[in-house]
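# Descriptive analysis of the structure
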Amino acid sequence: MKPFSPETSSRLTFQTGVRQTLLDITEPVADKIRRRGFQQGVVHLFVKHTTCVLTIIENADPDVVQDLLRRLETLVPRHDHEDRHQEGNSSAHLKSSLLGSSLLVPVQNGKLVLGTWQGLFLAEFDGPRTRTIELTFLPCS
Amino acid sequence: MKPFSPETSSRLTFQTGVRQTLLDITEPVADKIRRRGFQQGVVHLFVKHTTCVLTIIENADPDVVQDLLRRLETLVPRHDHEDRHQEGNSSAHLKSSLLGSSLLVPVQNGKLVLGTWQGLFLAEFDGPRTRTIELTFLPCS
Amino acid sequence: MKPFSPETSSRLTFQTGVRQTLLDITEPVADKIRRRGFQQGVVHLFVKHTTCVLTIIENADPDVVQDLLRRLETLVPRHDHEDRHQEGNSSAHLKSSLLGSSLLVPVQNGKLVLGTWQGLFLAEFDGPRTRTIELTFLPCS
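Residues numbered from 1 in each chain as written. Chains lettered and ligands numbered in written order. Predicted model: local features only at pLDDT ≥ 70, side-chain atom pairs only at ≥ 80, totals over all residues. Heavy atoms only, no water.

Take the side chain of T51(B) next. Residue and element names in this part refer to chain B. By secondary structure assignment, the location of T51 is in the loop between β3 (41-47) and β4 (52-58). Within the structure, the side chain of T51 is placed 2.9 Å from the side chain of R131, a separation counted as a polar contact. Setting aside anything within four residues of it in sequence, one finds T51 in contact with N89, A92, H93, S96, A123, E124, F125, D126, R129 and R131. (Helix = DSSP H or I, 4+ residues; strand = E, 2+ residues; numbered from the N terminus. Polar contact = N/O pair within 3.5 Å; in protein donor to acceptor, adjacent residues only side chain to side chain. Contact = heavy atoms within 4.5 Å.)

If you want it as structure tokens, here you go:
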């Protein structure tokens, strides 16, 4: 069995600095697409971690990011005396399950197809951590 | 670089009439698949907007749609005095992040593979708006 | 039109035993990939049901699963006197919409690309039920 060649795979690694954060990863993803010369299809982004997600939100006003993290914390508070998981990060697991570990974004003419206000974000809910995103390029028919 | 030909791309546009709504888009999507002659794989649907999502819910009883919008509003209320984003639509951004901007649905023999009660819906949380869905057709191996 | 051959499609069926449950389906999915000989790309998993989802969570500590189900129930309680849908499962519909009916997981060298702590789960919110997952194999470029 031929080993998977590095050219057909692609990875991005990020370091988060605080417990909860949202990082705009649009530009590094766009750069990977350019370097690879991928033209038409969709790019699949996937995080291999259970307290971290990929999501698309407005990237114009940083207040949106802050409101989102604060409202999420209200919805799924860190501490819950009924939690049984000893690591104390069950809230991070639920947030991750709600937001999801994958993104799939169209690529046309070598560029991400995103709306004016859309940005790709990695959210970490139990940092600081080193997080890796696996990119897979899927051609369209 | 050859420009992306219109035949390999596909778009659907919808007009929403009120602030929050769920539109059944199953039939227009099925029609696009038929017109394109796409047979086997998955169709990727993507919205290029940050207050609007794509989701799959029951399409048999309109009460499900109403319950879902009302319960979502309870979960993520429109007004929150701690919100910093000036446009007043942080709740719409969070709802969008929770439900997601993509759908991926299998296609077999030219037809959407959906359960009896499943329908594809566009949800808008900060309308009325004109919303566009980008369709990409991914062949299976 | 040639009917879709069974070899190009793939299905997994599970029986759930209680009203709400999370089943680890990682091994059966990995087995389908092996049997098919699919090497590089992504596998798409899709449930054709409206009260059931696919999600990725930690599979190491069963307490995480219990915390997640309990916290989700707090967030979206079963009974709400304002619900109009007569079947009494509007909460299951909202949970499903929040968590999503699809998963897309990278495959490299014939193996699922998952983090050490990640497992693929089917969650049912209105069981017991018999649930089917449709698998589609998407090659990468």
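Another point: the relation of the copies chain C and chain B. Between the two copies of the chain lies a rotation about an axis combined with a shift along it. Mapping chain C onto chain B is achieved by rotating through 120° and translating by 0.0 Å along the same axis, at an RMSD of 0.0 Å. Viewed as a symmetry operation, the transformation between the two copies matches a three-fold axis. When each C-alpha of chain C is compared by its distance to the rotation axis, L98(C) comes out closest, at 3.4 Å. (Least-squares fit on C-alpha atoms with pLDDT ≥ 70 in both.)

If you walk through the whole model with that rule in mind, you get 36 salt bridges over all chains. Measuring nitrogen to oxygen at the nearest pair gives 3.7 Å for the salt bridge that ties E73(C) to R19(C). In this pair, E73(C) sits in helix α2 (residues 62-75) while R19(C) sits in the loop between β1 (10-15) and β2 (21-24), placing the two residues 54 residues apart along the sequence. Under the relative-accessibility criterion, R19(C) is labelled partly exposed at 22%. Across the salt bridge formed by R34(C) and E27(C), the nearest N and O atoms sit 2.8 Å from each other. Via salt bridges that share partners, E27(A), D31(A), R34(A) and R35(A) belong to a single interconnected network. (Salt bridge = Lys/Arg side-chain N within 4 Å of Asp/Glu carboxyl O. Buried < 20%, exposed > 50% of the residue type's maximum accessible area, 1.4 Å probe, protein only.)

Here we take up the interface of chain A and chain C. Taken together, the contacts link 40 residues of chain A with 34 residues of chain C. Counting across the interface, chain A meets chain C through 4 salt bridges. Between R84(A) and D63(C) there is a salt bridge, and its shortest N-O distance comes to 3.4 Å. Scanning the region where chain A abuts chain C turns up 18 residue pairs in polar contact (both at pLDDT 80 or more).

Residues and elements named next belong to chain B. With respect to the element layout, E124 can be found in strand β7 (residues 118-124). Distance from E124 to L72, taken between C-alpha atoms, is 12 Å for residues 52 residues apart in sequence. Residue contacts for E124: discarding those within four places in its chain leaves T16, R19, Q20, T21, T51, C52, R129 and R131. Only 2.8 Å separates the side chain of E124 from the backbone nitrogen of D126, close enough to count as a polar contact. Within the structure, E124 has its side chain in polar contact with the backbone nitrogen of G127 (distance 3.5 Å).

Below, the discussion takes up the nonpolar core. Grouped together as the largest cluster of nonpolar side chains are 48 residues, with contacts concentrated most on L22(A), L98(A), L22(B), L75(B), L98(B), L22(C) and L98(C). If near-sequence neighbours (up to four positions away) are discounted, L98(A) is found in contact with V76(A), L98(B), L72(C), L75(C), L98(C) and L99(C). (Core = buried A, V, L, I, M, F, W, Y, C linked by side-chain atoms within 4.5 Å.)

Turning next to the relation of the copies chain A and chain C. Of the transformation placing chain A onto chain C, the axial shift is 0.0 Å and the rotation is 120°, giving an RMSD of 0.0 Å. A low fraction, 12%, of the interface residues of chain A reappear at the interface in chain C, so the copies pair through non-equivalent surfaces.

Further remarks concern the side chain of T136(C). Structurally, T136(C) can be placed in strand β8 (residues 130-139). Among the residues examined, T136(C) registers a relative accessible area of 5% and is labelled buried. Leave out the neighbours within four places in its chain, and T136(C) touches G41(B), V42(B), P106(B), C140(B), V42(C), V43(C) and H44(C).

Any link to function would need more than the numbers given here.
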